[in-house]
Structures are given as C-alpha cells and as structure tokens.
Amino acid sequence: QVQLVESGGGLVQAGGSLRLSCAASGRTFSSYAMGWFRQAPGKEREFVAGISQGGGNTVYADSVKGRFTISRDNAKNTVYLQMNSLKPEDTAVYYCAADSMLTTRVRSYDYWGQGTQVTVSS
C-alpha cells in the first residue's frame, strides 16, 4: 500500500504559478506510476498529468499541455506538478494518485490523496 498527501495548493491570480507536491509513504513508491487529477464543483474528476515509475514517460491532458509539468523524485518519495500560466478554469481540487501502470483512466488508480484546493482568480 501507499499513502499520499498533497500540499501546495492556494489562491493565485490568473497568469501566476503554483507547485503542488505529493508525498508518499512506504518503500515501494518507485514501483508506482503517478497521476495528478482535478475535480471542479459539479464536474467529474479528470486526468491532468501522469508520469511513469522511472520518470521517463509523461502524459498530459490537452488543456494543460505547455503550461503544467509533472516530475518525481523517487529518493524523496514525492511527485510534483508545476503549474504555470494558470487560468480561472484551472480552479479545482487537485488529487495525486498511484497505479501500477501509467494511464489516464481515473478508475484505474488504486490509491488517492485527500486533495488540495487550487483557486485561480481572474
């Protein structure tokens, strides 16, 4: 099992940046692909970005390509989401999740954090 705790959310103006972190417990972090997801009020949870176990493969939702960057540090058991050029439509609760394989499918992920709120003001 792995337990995940997100941090780094907050309130930022449009055009600004935030970096989210997701700290994982357990010694098997490097065996998991990691994903970031978000859920806005009244909307379904959606995939944002994912990274493979070793960090060599990444995938992004079209809506964040070129603005967000996912990375991981297996020595620190942490995955990051650098978010630049933020827009009001990026406002959501952001979740990190772990899975045995890199996928964009929400239901595939086995372990989830509690989420961190990101609010982008116009």
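In what follows, the structure referred to is the one given above.
I will try to describe carefully the structure that is included in this document.

Some points on the environment of Gly8
Thinking step 1. Structurally, the position occupied by Gly8 is in the loop between β1 (4–7) and β2 (10–13).
Thinking step 2. As a C-alpha pair, Gly8 and Gln114 span 106 residues in sequence and 13 Å in three-dimensional space.
Thinking step 3. Setting aside chain neighbours within four positions, we find Gly8 in contact with Leu18, Arg19, Leu20 and Thr116.

Quick look at the nonpolar core
Thinking step 1. Residues Met34, Trp36, Leu81, Met83 and Tyr94 are the most contacted members of the largest nonpolar core, which totals 34 residues.
Thinking step 2. The element that contributes the greatest number of residues to this core is strand β9 (residues 92–99), accounting for five residues.
Thinking step 3. Excluding residues that lie within four positions of it along the chain, Leu81 makes contacts with Leu18, Arg19, Leu20, Trp36, Val48, Ala49, Phe68, Thr69, Ile70 and Tyr94.

Let's talk about the sheet that holds β1
Thinking step 1. Read across the sheet, four strands follow the order β1-β3-β8-β7 without closing on themselves; strand pairing throughout is antiparallel. Across the chains shown, the open sheet's two edge strands, defined by having one partner strand only, are β1 and β7 (68–73). Averaged over all pairs of adjacent strands, the angle between their axes in this sheet comes to 15°, without regard to strand direction.
Thinking step 2. As paired elements, strand β3 (residues 18–24) and strand β8 (residues 78–83) share six bridges and run antiparallel to each other. From the neighbouring strand, Arg19 faces β8, where its bridge partner is Gln82.

A closer look at the pattern of salt bridges
Thinking step 1. Taken as a whole, this structure holds four salt bridges when the rule is applied.
Thinking step 2. For Asp62, the salt bridge identified is with Lys65, shortest N-O distance 3.2 Å.
Thinking step 3. On the basis of relative accessible area, Asp62 is assigned to the exposed category, the value being 65%.
Thinking step 4. Lys65 sits in the partly exposed class, given a relative accessible area of 49%.
Thinking step 5. What you see here is one network of salt bridges that share partners, running through Arg38, Glu46, Arg67 and Asp90.

A few points about unusual backbone geometry
Thinking step 1. Phi angles above zero are rare outside glycine, and Asn77 is one such case at about 55°.
Thinking step 2. Among the secondary structure elements, Asn77 is positioned in the loop between β7 and β8.
Thinking step 3. With a relative accessible area of 18%, Asn77 lands in the buried category.
Thinking step 4. Backbone geometry at Ser85 places phi at a positive 50°, although glycine is not the residue there.
Thinking step 5. As for its placement among the helices and strands, Ser85 is situated in the loop between β8 and β9.
Thinking step 6. Since its relative accessible area comes to 39%, Ser85 is described here as partly exposed.

Reading the values: rules and limits
- Residues numbered from 1 in each chain as written.
- Predicted model: local features only at pLDDT ≥ 70, side-chain atom pairs only at ≥ 80, totals over all residues.
- Heavy atoms only, no water.
- Helix = DSSP H or I, 4+ residues; strand = E, 2+ residues; numbered from the N terminus.
- Contact = heavy atoms within 4.5 Å.
- Core = buried A, V, L, I, M, F, W, Y, C linked by side-chain atoms within 4.5 Å.
- Buried < 20%, exposed > 50% of the residue type's maximum accessible area, 1.4 Å probe, protein only.
- Pairing = 2+ DSSP bridges.
- Axes fitted to C-alpha atoms, helices over the stretch in contact; angles between N-to-C directions.
- Salt bridge = Lys/Arg side-chain N within 4 Å of Asp/Glu carboxyl O.

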